[in-house]
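Descriptive structure summary
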Amino acid sequence: MVGDLVGPLASAPLLLVSPHLDDAALSCAALLGREQPADVLIVFAGDPDPPRQGSWDRVTGFANSAESMPARRAEERAAFAGSRHRLHLLDLLEWQHLAGPRPAADGERIAAAVMRWHERNGGGVVALPAGAGLTPGRLRARLRRTARARIWPTQHPDHVFSRDAALRVLVPLEDVQLVLYEEFPYSRVKDADDVASRLARRYGLAADCIGVRVDRDAKAARIGIYATQVPHLVIDGRRVDRAQDLPPEERYWVMKRQRERWPPSRR
């Protein structure tokens, strides 16, 4: 069933964890459209030293991170200019800029940032990326079956890493309402139903999927501000900054402890 934001999603303190500089705008227009201000934590917004040209930098036409990251941070701030929402940037490196395996300490920093927010806003909502997109194994199988080469978005390792780092410290906290959001445009290739169900089983939770209507014109206008990214996010000819090409709803999974009801009763 598709509707509007209900209960804590509409009014409780909200931390929206956005792995990259654009994920919140691409995937969570419904949350950003609510009346109450939210805190948006962009996790991977740092600069490698020395600068590096990552794979996505090459795709988007940047010589290296010294060009790309300042431009993308400026786009993020412009997209939220005049907004009631508060931006918080961590200086962790994107997967494309890592020189080796991601340090375990990055997960600790994500967990610490989330816990600092919780200490100030106990009883709120934390929204995390679900992990939409093909898994690498399924990508290889699909490429073997297709007659022509195509690019299919896989689950992004930064999304999965930030999600799991936050879940490890948040699941034990009974005063936090956990929500997973389905990442766009990854969801155009593989939705997040299976991964939401797997995560619920892993943590002994139940996952209730809700569809929320979005203002597609407003969403497209905000996405259009990310001018360095938009031309490279086209799938099957559909643009992410064109209202008629956007899905009319976004999907969220409310992760409930088995004894909880959704929406919560008003008592």
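Structure report, in brief. Since the structure is predicted, the reported quantities are computational estimates derived from the model, not experimental observations. (Residues numbered from 1 in each chain as written. Predicted model: local features only at pLDDT ≥ 70, side-chain atom pairs only at ≥ 80, totals over all residues. Heavy atoms only, no water.)

This brings us to the packing of aromatic side chains. Taken as a whole and assessed by the stated rule, the structure comprises zero aromatic pairs. Over the face of the ring belonging to Phe-161 we find Arg-102, whose NZ or CZ atom lies 5.4 Å from the ring centre. A cation over a ring is seen here: Lys-219 above Phe-184, with NZ or CZ 5.2 Å from the ring centre. (Phe/Tyr/Trp six-rings, centres within 6.5 Å; stacked < 30°, edge-to-face > 60°. Lys NZ or Arg CZ within 6 Å of the ring centre and 35° of its normal.)

Another point: the side chain of Arg-102. Considering the arrangement of structural elements, one finds Arg-102 in the loop between strand S4 (86-89) and helix H6 (104-120). Separated by 2.8 Å, the side chain of Arg-102 and the backbone oxygen of Leu-93 make a polar contact. Here Asp-106 takes part through its side chain, which lies 2.8 Å from a polar atom of the side chain of Arg-102. What Arg-102 contacts, discounting residues up to four positions off in sequence, is Phe-44, Leu-93, Glu-94, Trp-95, Asp-158 and Phe-161. (Helix = DSSP H or I, 4+ residues; strand = E, 2+ residues; numbered from the N terminus. Polar contact = N/O pair within 3.5 Å; in protein donor to acceptor, adjacent residues only side chain to side chain. Contact = heavy atoms within 4.5 Å.)

The subject of this paragraph is the pattern of salt bridges. Scanning the entire structure with this criterion turns up 16 salt bridges. A salt bridge links Arg-109 to Asp-91; its shortest N-O distance comes to 2.8 Å. Note that Arg-109 is positioned in helix H6 and Asp-91 in the loop between S4 and H6, a separation of 18 residues in sequence. The partly exposed category is assigned to Asp-91, whose relative accessible area is 48%. (Salt bridge = Lys/Arg side-chain N within 4 Å of Asp/Glu carboxyl O. Buried < 20%, exposed > 50% of the residue type's maximum accessible area, 1.4 Å probe, protein only.)

Before going further, it helps to examine the packing of helix H8 (residues 157-170) against helix H9 (residues 193-203). One way to put it is that H8 packs onto H9 with a least axis distance of 12 Å and a crossing angle of 30°. With respect to each other, H8 and H9 are oriented roughly parallel. For the element pair H8 and H9, the recorded crossing hand is right-handed. Residues Arg-163, Asp-164, Leu-167 and Arg-168 of H8 form the contact with H9, whose participating residues are Val-195, Leu-199, Arg-202 and Tyr-203. When grouped by side-chain class, the residues that make up the contact of H8 with H9 number four nonpolar, no polar and four charged. (Axes fitted to C-alpha atoms, helices over the stretch in contact; angles between N-to-C directions. Parallel < 35°, antiparallel > 145°, perpendicular 65-115°, else oblique. Left-handed = near helix turned anticlockwise from the far one by under 90°. Nonpolar A, V, L, I, M, F, W, Y, C, P; charged D, E, K, R; others polar.)

Before going further, it helps to examine H9. All of the buried residues along H9 are Val-195, Ala-196, Leu-199 and Ala-200. When H9 is viewed along its axis, its buried side chains cluster within an angular range of 140° and face the same direction. With respect to the buried face of H9, the exposed residues turned more than 90 degrees away are Arg-201 and Arg-202. Of the surrounding secondary structure, the elements contacted by the buried residues of H9 are H8, strand S6 (177-181), strand S7 (206-213) and strand S8 (249-256). (Arc of directions from axis to C-beta.)

Counting residues in each nonpolar core, the largest one holds 39 residues, and the members touching the most others are Leu-16, Leu-31 and Tyr-252. With four residues, the top contributor of residues to this core is helix H3 (residues 29-32). Not counting the four nearest positions on each side in its chain, Tyr-252 is found in contact with Ser-27, Cys-28, Ala-29, Ala-30, Leu-31, Val-179, Leu-180, Tyr-181, Asp-208, Cys-209, Ile-210 and Val-212. Counting residues in hydrophobic clusters, the runner-up holds 33 residues, among them Val-43, Ala-113, Val-171 and Leu-173. (Core = buried A, V, L, I, M, F, W, Y, C linked by side-chain atoms within 4.5 Å.)

For helix H10 (residues 216-224), the set of buried residues is Lys-219, Ala-220 and Ile-223. Seen along its axis, H10 keeps its buried residues to an arc of 95°; they face one direction. Away from its buried face, by an angle of more than 90 degrees, H10 presents the exposed residues Asp-217 and Ala-221. Structurally, H10 contributes buried residues whose contacts are with helix H2 (23-27), H3 and S8. N-cap assignment for H10: the residue whose side-chain oxygen lies 3.2 Å from the backbone N of Asp-217 is Asp-215.

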